[in-house]
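Fold and contact review
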Amino acid sequence: MTGFVIRLALNILGLWLATEIVTGFEIEGTGSFIIAGLLLGIVNAIIRPIVLLLTLPFTIVTLGLFILVVNALMLALVSSLVDAFRIDGFGAALLGSIIVGLTGWIGSSFIGPRGKVEIMVVRSGGRD
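Description of the structure in this document. Keep in mind the model is a prediction, meaning the values are calculated, not measured. (Residues numbered from 1 in each chain as written. Predicted model: local features only at pLDDT ≥ 70, side-chain atom pairs only at ≥ 80, totals over all residues. Heavy atoms only, no water.)

**Details of the packing of helix H1 (residues 2-21) against helix H2 (residues 30-54)**
Basically, it comes down to this: Axis lines are fitted to C-alpha atoms, over the contacting stretch for helices. Their N-to-C directions set the angle, which ranges from 0 to 180 degrees. What counts as a helix is a DSSP run of H or I of at least four residues, what counts as a strand is a run of E of at least two, and both are numbered from the N terminus. In a left-handed crossing the near helix is turned counterclockwise from the far helix by less than a right angle, and in a right-handed crossing that turn is clockwise. Whether two residues are in contact is decided by their heavy atoms: any pair within 4.5 Å suffices. Gly is put with the polar residues, along with every residue not named as nonpolar or charged; the nonpolar set is Ala, Val, Leu, Ile, Met, Phe, Trp, Tyr, Cys and Pro, and the charged set is Asp, Glu, Lys and Arg.
Closest axis-to-axis distance for the H1/H2 pair is 8 Å, and the angle between their directions is 115°. For H1 against H2, the interelement crossing comes out right-handed. The segment H1 lies against H2, with Phe4, Leu8, Asn11, Ile12, Leu15, Trp16 and Thr19 engaging Phe33, Ile34, Ala36, Gly37, Leu38, Leu40 and Gly41. Considered class by class, the residues forming the contact of H1 with H2 number ten nonpolar, four polar and no charged.

Written out as structure tokens, the structure reads:
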């Protein structure tokens, strides 16, 4: 449960950063951020893998760059489901998806496979 809450918070943080950085990417209200973050997690867990499988030939031909398009489409899908979430055009969706993805990627580097926060401690051996 902790991992779910942390990933939800990362989605919300990424969406907030995107609203601050990207022109034409707007979410109004705290509740809308929470709903959009939750829906983005659900869409990325259920719909995105199916779309990635169906678009695998495009992904291979473009050497993986088509995944950016898929991510932007998933974000656009979430914005169509939340009334207070507005994206003006594909460019804003693409930039927003990059910011949300980077935020999730950086945050997930601190979360272990069981969904718990992991901190690595490096200690010197003390041997000469």
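**Considerations on the pattern of salt bridges**
Short version of the rule: Salt bridges are counted wherever a side-chain nitrogen of Lys or Arg sits within 4 Å of a carboxyl oxygen of Asp or Glu. Relative accessibility decides the category of a residue: with a 1.4 Å probe and only protein chains considered, values under 20% of the type maximum give buried, values over 50% give exposed, and everything between is partly exposed.
Throughout the structure, instances matching the rule amount to two salt bridges. With a shortest N-O distance of 2.5 Å, Arg86 and Glu26 are connected by a salt bridge. Taken as a pair, Arg86 in strand S2 (residues 85-87) and Glu26 in strand S1 (residues 25-27) lie far apart in primary sequence, 60 residues in all. By relative accessible area, which is 36% here, Arg86 ends up partly exposed.

**Here's the deal with H1**
The following threshold applies: One fewer than the residue count of a helix, multiplied by 1.5 Å, yields its expected span.
In a regular helix each residue adds 1.5 Å, so 20 residues correspond to 28 Å; H1 covers 28 Å between its end C-alpha atoms and thus fits that length. Along H1, the residues that are buried comprise Gly3, Leu8, Leu10, Asn11, Gly14, Leu15, Ala18 and Thr19. Packed against the buried residues of H1 are S1, H2, helix H4 (66-81), S2 and helix H5 (90-108).

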